[in-house]
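The residues making up each chain are set out below.
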Amino acid sequence: MSKEDKVSALLKLFAEYYPNPKTSLNFKTPFELLIATILSAQTTDIQVNKVTAELFKKYNTPAAILKLSQSELEEKINSIGLYHNKAKYILKTCQILLDQFEGQVPETRKDLLKLSGVGRKTANVVLANAFFKAAFPVDTHVFRVSARLGLSSGKNVSKTEQELTEILPRDCWIDFHHWLIEHGRAICKAQNPDCENCFASYLCDYFQA
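The structure contained in this document is the topic of the report that follows. (Residues numbered from 1 in each chain as written. Predicted model: local features only at pLDDT ≥ 70, side-chain atom pairs only at ≥ 80, totals over all residues. Heavy atoms only, no water.)

### Describing the packing of helix H9 (residues 140-149) against helix H11 (residues 173-186)
The condition is simple: Note on definitions: angles span 0 to 180 degrees between N-to-C directions of axes, and those axes are lines fitted to C-alpha atoms, for helices only across the stretch in contact. Under the scheme used here, helices are H or I runs from DSSP no shorter than 4 residues and strands are E runs no shorter than 2 residues, and both carry numbers assigned from the N terminus. Any angle that falls under 35 degrees is termed roughly parallel, while one over 145 is termed roughly antiparallel, one within 65 to 115 roughly perpendicular, and all others oblique. We call two residues in contact when some of their heavy atoms are within 4.5 Å.
As a packed pair, H9 and H11 sit with axes 8 Å apart at the nearest point and diverge in direction by 85 degrees. When the axis of H9 is compared with that of H11, the two are roughly perpendicular. Contacts between H9 and H11 involve His-141, Val-142, Arg-144, Val-145, Ser-146 and Leu-149 on the former and, on the latter, His-177, Leu-180, Ile-181, His-183, Gly-184 and Arg-185.

### With respect to the packing of aromatic side chains
Note on aromatic pairs: each is described by the distance of the centres and the angle between the planes. Stated formally: A pair of Phe, Tyr and Trp rings is counted when the ring centres sit within 6.5 Å of each other, with Trp represented by its six-membered ring. The angle between the planes then sorts it: under 30 degrees is stacked, over 60 is edge-to-face, the rest tilted.
Summed over the entire model, instances satisfying the criterion amount to 7 aromatic pairs. Between Phe-14 and Tyr-18, the aromatic rings sit 6.1 Å apart at their centres with planes inclined by 35 degrees, giving tilted as the arrangement. With a centroid separation of 3.9 Å and an interplanar angle of 5 degrees, the aromatic rings of Tyr-17 and Phe-199 are classed as stacked. Taken together, the residues Tyr-17 in helix H1 (residues 3-17) and Phe-199 in the loop between H11 and helix H12 (205-208) connect sequence positions 182 residues apart.

### Side note on the packing of helix H5 (residues 70-77) against helix H6 (residues 83-101)
Selection rule: Should the near helix be turned counterclockwise from the far one by less than a right angle, the crossing is left-handed, whereas a clockwise turn marks it as right-handed. Amino acids outside the nonpolar list (Ala, Val, Leu, Ile, Met, Phe, Trp, Tyr, Cys, Pro) and the charged list (Asp, Glu, Lys, Arg) are all regarded as polar, and Gly is one of them.
Between H5 and H6, whose axes approach to 9 Å, the crossing angle comes to 125 degrees. Here H5 lies oblique to H6, going by the angle between them. The interaxial crossing formed by H5 with H6 has right-handed handedness. Taken together, the residues of H6 that come into contact with H5 (itself represented by Gln-70, Leu-73, Glu-74 and Ile-77) are Tyr-83, His-84, Lys-86, Ala-87, Lys-88, Ile-90 and Leu-91. A breakdown of the residues in the contact of H5 with H6 according to their chemical character gives 6 nonpolar, 2 polar and 3 charged.

### Remarks on the nonpolar core
Using the following cut-off: In these notes, a set of buried Ala, Val, Leu, Ile, Met, Phe, Trp, Tyr and Cys residues joined through side-chain atoms within 4.5 Å is what counts as a nonpolar core. Relative accessibility thresholds used throughout: buried, under 20% of the residue-type maximum; exposed, over 50%; partly exposed, between the two (1.4 Å probe, protein chains only).
Counting residues in hydrophobic clusters, the biggest one holds 39 residues, and the most contacted among them are Leu-34, Ile-65, Leu-73, Ile-90, Leu-112 and Leu-115. For this core, the secondary structure elements donating two or more residues are helix H2 (30-39), helix H3 (45-58), helix H4 (62-65), H5, H6 and helix H8 (120-130). Not counting the four nearest positions on each side in its chain, Leu-112 is found in contact with Val-105, Pro-106, Val-118, Ala-123, Val-126 and Leu-127. Listed in part, the 28 residues of the second largest apolar core include Leu-13, Leu-151, Trp-179 and Cys-204.

### A closer look at the side chain of Asn-49
Relative to the helices and strands, Asn-49 is located in helix H3. Every residue in contact with Asn-49, bar those within four places of it in the chain, is listed here: Ser-24, Leu-25 and Asn-26.

### Topic: H1
Test applied: Given the number of residues in a helix, its expected span is that number minus one, multiplied by 1.5 Å.
In this model H1 runs 20 Å from its N-terminal to its C-terminal C-alpha over 15 residues, within 8% of the 21 Å that 1.5 Å per residue would give. Buried residues along H1 sit against H9, helix H10 (157-167), H11 and H12.

### Some details on the pattern of salt bridges
The cut-off we apply is this: One side-chain nitrogen of Lys or Arg within 4 Å of one carboxyl oxygen of Asp or Glu is enough to make a salt bridge.
Per the counting criterion, the structure on display carries 6 salt bridges. For Lys-114, the salt bridge identified is with Asp-111, shortest N-O distance 3.1 Å. A salt bridge links Arg-120 to Glu-161; the shortest N-O distance between them is 2.7 Å. With Arg-120 in helix H8 and Glu-161 in helix H10, this residue pair connects regions lying 41 residues apart in the sequence. The exposure class of Glu-161 is buried, given its relative accessible area of 9%.

Structure, rendered in structure tokens:
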């Protein structure tokens, strides 16, 4: 089966089994999503949502967060992994937003990458979910599931993003990203993937091998 045929079949299957694709991070504004995504590195979205539910009650703008010292911010996020570095990134990012972007989250990848603690994946998450711009974030689920399905080579995240965006319709990038994450969490887990109950197993290189 060609990759094009596989993509066509997967688009239909994913839409049927995961009908409401969206990020599991809770946010109301682009800034809240930016901060939540910085916090989410090597941490579950569930834990991030617990922390931001309290943090954003009072501190949901760059100016508000900058009222906190680093130690005060660390205390509010210390149930999250790497909280010391993440607090530094967040404070630096808030200052950059005020100094260079009038306190607003920029809407281009080039400008997002100027922010502290923001790499390509985080920038793509913000572009796709806050601004609905065609972008394809590659996290561990996307990297793993796309490689197992035979849609990407699995060499690295940059190569995976390039390969997926070349074979997927541009207007499906955001949904497909969410579908791969949902499938990775529900079925195609890193350890002990539930291949026997996978609706896409007949399309999967990993299962067919």
